[in-house]
Amino acid sequence: MEPTALDHYWCQTSESLLAALASSPEGLTNSEASNRLQQFGPNLLKAREKATPLKLFLNQFKSPLILILLFATVVSAATQDWVDALIVLTIVLGSAVLSFVQEYNASAAIEKLRDQVKISATVLRDGESQSFPAEEIVPGDVVMLSAGSLIPADGVLLEANDFYVNQAVLTGETFPVEKKPDPVAVGASLAERFNCVFMGTNVRSGTARALIVRTGKGTEFGQIAESLSLRPPETEFERGVRRFGYLLTRMMLVLVVSVFAINVFFHKSILDSLLFAIALAVGLTPELLPAIISVNLSKGSQSMAAQGVIVRQLNAIENFGSMDVLCTDKTGTLTEGVVQLDGALDFQGQASDDVLRHAYLNARLQTGLANPLDEAIVTHAPPDISGVEKVYEIPYDFVRKRLTVVVREGAEHRLITKGALVNVLAVCTQVRDGEIAVPINDEHRKHIGERFAGWSGQGFRVLGVATRLSLQQISYSRNDEHDMVFEGYLLFFDPPQASVKETIDELEKMGVDLKIITGDNKLVALHTAETIELEVVGVLTGAELDEMRDEALWQKVERTNLFVEVDPNQKERIILALQKRGHVVGYMGDGINDAPSLHAADVGISVDKAVDVAKEAADFVLLEQDLAVLSRGVLLGRSTFANTLKYVFVTTSANFGNMFSMAGASLFLPFLPLLPMQILLTNFLTDFPAFAIANDRVDRDLLERPRRWNLHFIQNFMITFGVVSSAFDYLTFGFLLLVLDATNDQFRTGWFVVSVMTELSIMLVIRTRLPFFKSRPGTSLMIGTLIVAVATLVLPYSPISKPLGFTPLPLSVILVLLGITILYIITTELVKRIFFRRVQF
C-alpha cells in the first residue's frame, strides 16, 4: 500500500500501519529512506524555488515601465527607425544585465547563509537515533519528539508519556492538547484525533515516538496551506517602501499624461512625445530600488553573518536597525549562560549527599527537554547509582513547573520530584528534618521562605527536591505527585557577563532601551540587575500584571524595565503593550515559552542552540548568546537602512529636478530637450555607481539612534533639492541657448553632460549630513563615480556619439559646464546644511 493512499490512518492500529508502510518500531534503514525521498520528494509544503539565472534575468522586465519601453521600441522598429530602436533596446538590456548580475550574486549569498540554520528532526534510522533536516523526513520514518520539538510531518503515536501538543495553528485550540497512542473513531474530527500529530504544530511538554504517515503537501497543513495567507506581517520598512511607491506613482502619472498631452497639443511627433513622456517617467522612477534593496540586504546579511548573526528573514534587517526597545531574559544574555550547581542542601541548609543523589537521578534519567540546570547537576559530581532502574517519567511542563522520575531500587519504587521551590512545596505534606520525615507546618514553611529569600537575594536560583515511596504501578501521572517529603534545596549560580555593563551602556547610547522579562523571582532578578549596574526604574510582577487592564499596562511599560515571575502569555502581552506605545520591539529568547513573544515582536532573536520552535519563530539567529553580538547587529541593520535611503534621497531629488526641468523645457523649446534614448542613457549611467552604495561608509551620526521611514521628510527632501537641481538646469538652458546659441544636438549634448555630472555630484554631497569633504565615500562608490564621469565627458567625442544624437563641444563650453557643476555642488552643500538644521529625520 502506498503511504499517500492510507485513508483514516487515525483509526488503525500501529501494527497495521507499520505493516502498510513497510516500517518497524525501530524505523527505516538509511537506504530505504533515501529511496522514499526520491519517490515522495522532500517534506516541503512548497518546493523551494531556486534563483535560476534565467528567472532572475526575466524578473528584470516585470516593471510596467520597462514593458512599455520595449513596446515603444517595437513600434520604432516597425516604423523603420532602426537606430533609435536599437539604442533604446541596448540601454534597457544594459540596465537589466546590471541589475541581474547584482541580484544573482546577492541571492546566491543569501541561500548560502540560510543553509547555516536549518530545522532538524530526531529520527530512528538503522535502529539508531539520528538527526536529519526536517525536509528529508519520509513516510515510514519513526521520529522522537520532546518538549520544544517542531512536528515535521503528520503521523500516529507509537508511544507517549504525558505528551502535550500545541496545535492552535490547525484547530484554534487555546491550550495544549494531550496526545495518546490509542486509535480513535473513523469519523473523528481533526481536534478529536488524540493519537495523531500534525505538521506545523509543536510539542509543549512530554516525550513521544511517532510513525510518519504523510509528508509535504499530503499533510493536513499542506492541504490548507494554499488557501491560507502565509505571507508574514508587513515590516515597517516594507510599509515605507510601499507608501513611497504610491507617492512616486501619483507624481509619475500626472507627469506622463501632462507632458504627452502638451507635446501633442503643440503638434510634435506623437511617437516621439509618447517615448519622451515614458522616458521621463522612467527617469523619475528609482527603478533600481528593488535591486538596490536586494543588494543592500544581501550585503547586510553577509556582514551580520561575519559578526555571528544569521538572518532568517531578510526584510527584518531594517527593523533591527529601527529597534528602540530590546526585551530579553537575563539567562545567557546578561549572564554567562553557564549554570553551575553551587550546592545541594538539606532542609537545615547543610550540604547533603542524599539531596545531590536524588537530584542526579532525576536529571540523569529524564528524557524530556534538555536544559542547563540538569546539565549542571549531571556534570557536578556523579554519585554512585548502581542498582537503580528507571521505571517511569512524568515530564516537566510550564504549568506544574516540576519534573518527576520514578525509579526502582531493590524492591522499592520511589518518586523523585525536582522543580521550582513553590511548586514542589505545593505537593509536599512532610519535610525531612535530619533522619526523619515530619509533617510540614507553618514554622517549616516560614523557615524555607526565609532561606529562599536570602539565597535569591544573593543571586542564586533555588529549586526544591522531594521524594515519595510508592507501591508498584504500571504507569504514573501528574496526579501521583502528592503527599511527598521535602528533601532539600538545589542552588544554582549563573555569573553575570564581564562585559555586559559596557554593552548595556552602548545600547543605551544607540537609543535602545533594555527591558528584562524573566520567569525568575523578583529577588534573583533584582540581584542580577544590581550586579550588572542596570538602573531599575520600575518592577512589575506577573501577579500584578494580571490585575491590570490593558490601558493601565500601556502606561506602566514605559516606566518599567524589570518584569519578573511572568509566564509566556504575559511576556507577549508586555510586547504588545510596548508596540501600542509606538516602539519597535525586539525580543530575544531561546525556549519553548518564548515562541509566542518571538512571533509578536517586530524583531525576533534567538540563538543557534535554541529549541526548534524558537528558531523557527525568530528573524535572526545568533551564533553566540551575547548582547555584544546583538549590538553589532543593530549597527549593521542601521547601516543597511541608511545606505538604502541614500539611494532614495539621491535618485528622487536629482531625478525629480531633471525630469521637472525637461518637462518644462519641452513646453517652450521647438524640439525635445533630450531624446528618449538620451534620457534612458542618463538614467543608466547614473544608476551604475548606485549599486556601490551598499558598500558605502555610513557616518556615525546616522548610527546613533533608531530611524524609520518618514515619507513627509522624503517628500520635502525631494522637492527642496529637486528645485535646486532644476534651477541649475535652467541656468544651463540659458547658457546653451542665449550665450552659445546652441543647435539642437549641442543643446542635448551640453545638458546631457550637466545632468550626469550634477547627479554624480549630488550622490557624493547628499550621501552624508557632514560637509561632503569630511565624509569619505566607500572606495567602490568613488571608483564607480569617476568611471561614469570620465565616460560622460568622453562620450560626445567617441564614434558612437552621432547615433546617440550627441556632437563634440568646444573645450571652453565643457569648462563652463563643469563650472556650473561646481557651483551646483557648493549651492547644494549650503542648502543641505540649512535643510538639516530645520528639518529633523
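Scoring rules and cut-offs
Residues numbered from 1 in each chain as written. Predicted model: local features only at pLDDT ≥ 70, side-chain atom pairs only at ≥ 80, totals over all residues. Heavy atoms only, no water. Helix = DSSP H or I, 4+ residues; strand = E, 2+ residues; numbered from the N terminus. Buried < 20%, exposed > 50% of the residue type's maximum accessible area, 1.4 Å probe, protein only. Contact = heavy atoms within 4.5 Å. Areas by Shrake-Rupley, 256 points an atom, 1.4 Å probe, with all protein chains shown as cover. Core = buried A, V, L, I, M, F, W, Y, C linked by side-chain atoms within 4.5 Å. Axes fitted to C-alpha atoms, helices over the stretch in contact; angles between N-to-C directions. Parallel < 35°, antiparallel > 145°, perpendicular 65-115°, else oblique. Left-handed = near helix turned anticlockwise from the far one by under 90°. Nonpolar A, V, L, I, M, F, W, Y, C, P; charged D, E, K, R; others polar. Phe/Tyr/Trp six-rings, centres within 6.5 Å; stacked < 30°, edge-to-face > 60°. Expected span 1.5 Å × (residues − 1). Pairing = 2+ DSSP bridges. Patch = residues over 30% accessible without salt bridge, like charges linked within 9 Å, V, L, I, M, F, W, Y side chains within 5 Å. Salt bridge = Lys/Arg side-chain N within 4 Å of Asp/Glu carboxyl O. pLDDT = per-residue confidence, 0-100. Polar contact = N/O pair within 3.5 Å; in protein donor to acceptor, adjacent residues only side chain to side chain.

## Re the overall build of the chain
Then, in step 1: A tally of helices and strands in the chain yields 28 helices and 23 strands.
Then, in step 2: Every one of the 841 residues in the chain was classed for burial, and the buried ones make up 54%.
Then, in step 3: In the chain, the proportion of contacts linking residues at least 24 apart, taken out of those at least 6 apart, comes to 74%.
Then, in step 4: If you sum the accessible surface of the chain, you get close to 35900 Å²; carbon and sulfur atoms cover 57% of it.

## With respect to the nonpolar core
Then, in step 1: Phe717, Phe752 and Leu817 are the most contacted members of the largest nonpolar core, which totals 64 residues.
Then, in step 2: The set of elements that each furnish at least two residues to this core consists of α8 (236-265), α10 (289-306), α23 (627-668), α24 (676-687), α25 (711-739), α26 (744-766), α27 (779-794) and α28 (811-838).
Then, in step 3: Those residues within four positions of Leu817 in sequence are excluded, and the remaining contacts are Thr732, Phe735, Gly750, Val753, Val754 and Leu809.
Then, in step 4: Ile293, Ala577, Ala614 and Phe620 belong to the second-largest nonpolar core, a separate cluster that totals 57 residues.

## Some thoughts on the packing of α23 against α25
Then, in step 1: It is at 7 Å that the axes of α23 and α25 come closest, and there the two elements cross at 45 degrees. On the basis of their axis angle, the class for α23 and α25 is oblique. Handedness of the crossing formed by α23 with α25: right-handed.
Then, in step 2: The residue makeup of the contact of α23 with α25, split by class, is 16 nonpolar, 9 polar and 1 charged.

## Describing the packing of aromatic side chains
Then, in step 1: Tallying each qualifying case throughout the model produces 22 aromatic pairs.
Then, in step 2: Consider the rings of Tyr392 and Tyr476, whose centres lie 6.1 Å apart with planes at 50 degrees: the pair is tilted. Taken as a pair, Tyr392 in strand β11 (residues 388-394) and Tyr476 in the loop between β16 (461-470) and β17 (484-493) lie far apart in primary sequence, 84 residues in all. Taken as a pair, Tyr392 and Tyr476 share a single burial class, namely buried.
Then, in step 3: Summarising the aromatic geometry, the rings of Tyr730 and Phe733 are spaced 5.2 Å apart at their centres and angled 85 degrees between planes, so their arrangement reads as edge-to-face. One end of the pair, Tyr730, and the other, Phe733, are both in helix α25, 3 residues apart, so they sit about a helical turn from each other.
Then, in step 4: Relative accessible area serves as the criterion here: at 32%, Tyr730 is assigned to the partly exposed category.
Then, in step 5: Look at Phe733 and you get buried, because its relative accessible area is 3%.
Then, in step 6: Of the aromatic side chains, those joined through ring pairs into one cluster are Phe649, Phe713, Phe717, Phe721, Phe835 and Phe836.

## Details of the environment of Gly127
Then, in step 1: Tracing the sequence through the fold places Gly127 in the loop between β1 (120-125) and β2 (128-133).
Then, in step 2: Judged by its relative accessible area of 45%, Gly127 is partly exposed.

## Here's the deal with unusual backbone geometry
Then, in step 1: Located in the positive-phi region is Asp126, a residue other than glycine, with phi close to 55 degrees.
Then, in step 2: With respect to the helices and strands, the residue Asp126 is situated in the loop between β1 and β2.
Then, in step 3: Asp126 gets classed as partly exposed once you look at its relative accessible area, which sits at 43%.
Then, in step 4: Positive phi, normally seen in glycine, also occurs at Glu565, with a value near 55 degrees.

## Let's talk about α23
Since the α-helix turns once every 3.6 residues, residues separated by three or four places project in the same direction.
Then, in step 1: Look at α23: 62 Å from first C-alpha to last across 42 residues, which is about the 62 Å you get at 1.5 Å a residue.
Then, in step 2: Counting buried positions along α23 yields 36 of 42 residues, so the element is predominantly enclosed.

## As for the packing of α23 against α26
Then, in step 1: At their nearest, the axes of α23 and α26 sit 9 Å apart, and the two run at 155 degrees to each other. Here α23 is positioned roughly antiparallel relative to α26, judged by the angle of their axes. Between α23 and α26 lies a crossing of right-handed hand. The residues of α26 that touch α23, namely those facing Phe649, Val650, Thr651, Ser653, Ala654, Asn655, Asn658, Ser661 and Met662, are Trp751, Ser755, Glu759, Ile762, Met763 and Ile766.
Then, in step 2: Looking at the contact of α23 with α26 residue by residue, the classes come out as 8 nonpolar, 6 polar and 1 charged.

## What about the side chain of Arg125?
Then, in step 1: Note on placement: Arg125 falls in strand β1.
Then, in step 2: A relative accessible area of 3% places Arg125 in the buried class.
Then, in step 3: Beyond its immediate chain neighbours, meaning those up to four positions away, Arg125 contacts Glu26, Leu28, Thr29, Asn30, Ala33, Gln130, Phe132, Glu136, Ile137, Val138 and Asp141.

## Some words on the pairing of strand β4 (residues 154-166)
Then, in step 1: With 10 bridges joining them, β4 and strand β7 (residues 202-214) adopt antiparallel strand pairing. Bridge pairing in β7 places Val165 opposite Val203.
Then, in step 2: Pairing analysis gives 2 bridges linking β4 to strand β6 (residues 196-197), with the strands arranged antiparallel. Within β6, the residue paired with Val156 across the bridge is Cys196.
Then, in step 3: Inspection of the sheet shows β4 paired to strand β5 (residues 177-179) by 3 bridges, in the antiparallel sense.

## Notes on the environment of Ile292
Then, in step 1: By secondary structure assignment, the location of Ile292 is in helix α10.
Then, in step 2: Given the relative accessible area of 2%, Ile292 is considered buried.
Then, in step 3: When sequence neighbours within four positions are dropped, the list of residues in contact with Ile292 reads Tyr647, Ala690 and Phe691.

## Concerning a nonpolar patch on the surface
Then, in step 1: A grouping of Ile262, Phe265, Phe266 and Leu667 is seen on the molecular surface, where their side chains present a nonpolar patch of about 390 Å² in accessible area.
Then, in step 2: Among the structural elements, Ile262 can be located in helix α8.

## Thoughts on the sheet that holds strand β23 (residues 620-622)
What holds strands together in a sheet is hydrogen bonding between their backbones, with the strands either parallel or antiparallel.
Then, in step 1: Pairing within the open sheet is mixed, and its 8 strands lie in the order β8-β23-β22-β21-β9-β18-β20-β19. Only two strands of the sheet have a single neighbouring strand rather than two, namely β8 (309-311) and β19 (539-541). Between one strand and the next, the sheet's axes are offset by a mean angle of 20 degrees, whatever the strand orientation.

## Quick word on the confidence of the model for the chain
Then, in step 1: Of the residues in the chain, 86% reach a pLDDT of 70 or more, and the chain-wide mean stands at 82.
Then, in step 2: Segment residues 1-5: pLDDT under 50, and 7 contacts once partners within four positions in sequence are set aside and those in other chains are kept.

## Focus on the pattern of salt bridges
Then, in step 1: Tallied over the entire structure, the rule returns 21 salt bridges.
Then, in step 2: One salt bridge in this structure joins Arg700 and Glu506, with 3.4 Å as the shortest N-O distance. Separated by 194 residues along the polypeptide, Arg700 in the loop between α24 and α25 and Glu506 in helix α16 (residues 500-509) bring together distant segments of the chain.
Then, in step 3: Judged by relative accessible area, which is 46%, Arg700 ranks as partly exposed.
Then, in step 4: Its salt-bridge partner being Glu829, residue Arg833 comes within 3.5 Å of it at the nearest N-O pair. Taken as a pair, Arg833 and Glu829 lie in helix α28 at a separation of 4 residues, close to a single helical turn.
Then, in step 5: With relative accessibility at 5%, the residue Glu829 sits in the buried group.
Then, in step 6: Residues joined by salt bridges that share partners form a network here, namely Arg400, Arg402 and Glu481.

## Overview of helix α12 (residues 353-365)
Then, in step 1: Its 13 residues give α12 an end-to-end C-alpha distance of 18 Å, which sits within 8% of 18 Å, the value for a rise of 1.5 Å per residue.
Then, in step 2: Within the span of α12, buried status applies to Val355, Leu356, Arg357, His358, Ala359, Tyr360, Leu361, Asn362, Ala363 and Leu365.
Then, in step 3: Sitting at the head of α12, Ser352 places a side-chain oxygen 3.4 Å from the backbone nitrogen of Asp354.

## Some thoughts on the environment of Ala22
Then, in step 1: Mapped onto the secondary structure, Ala22 falls in the loop between α1 (14-20) and α2 (30-40).
Then, in step 2: Looking at Ala22, the relative accessible area reads 55%, which means it is exposed.

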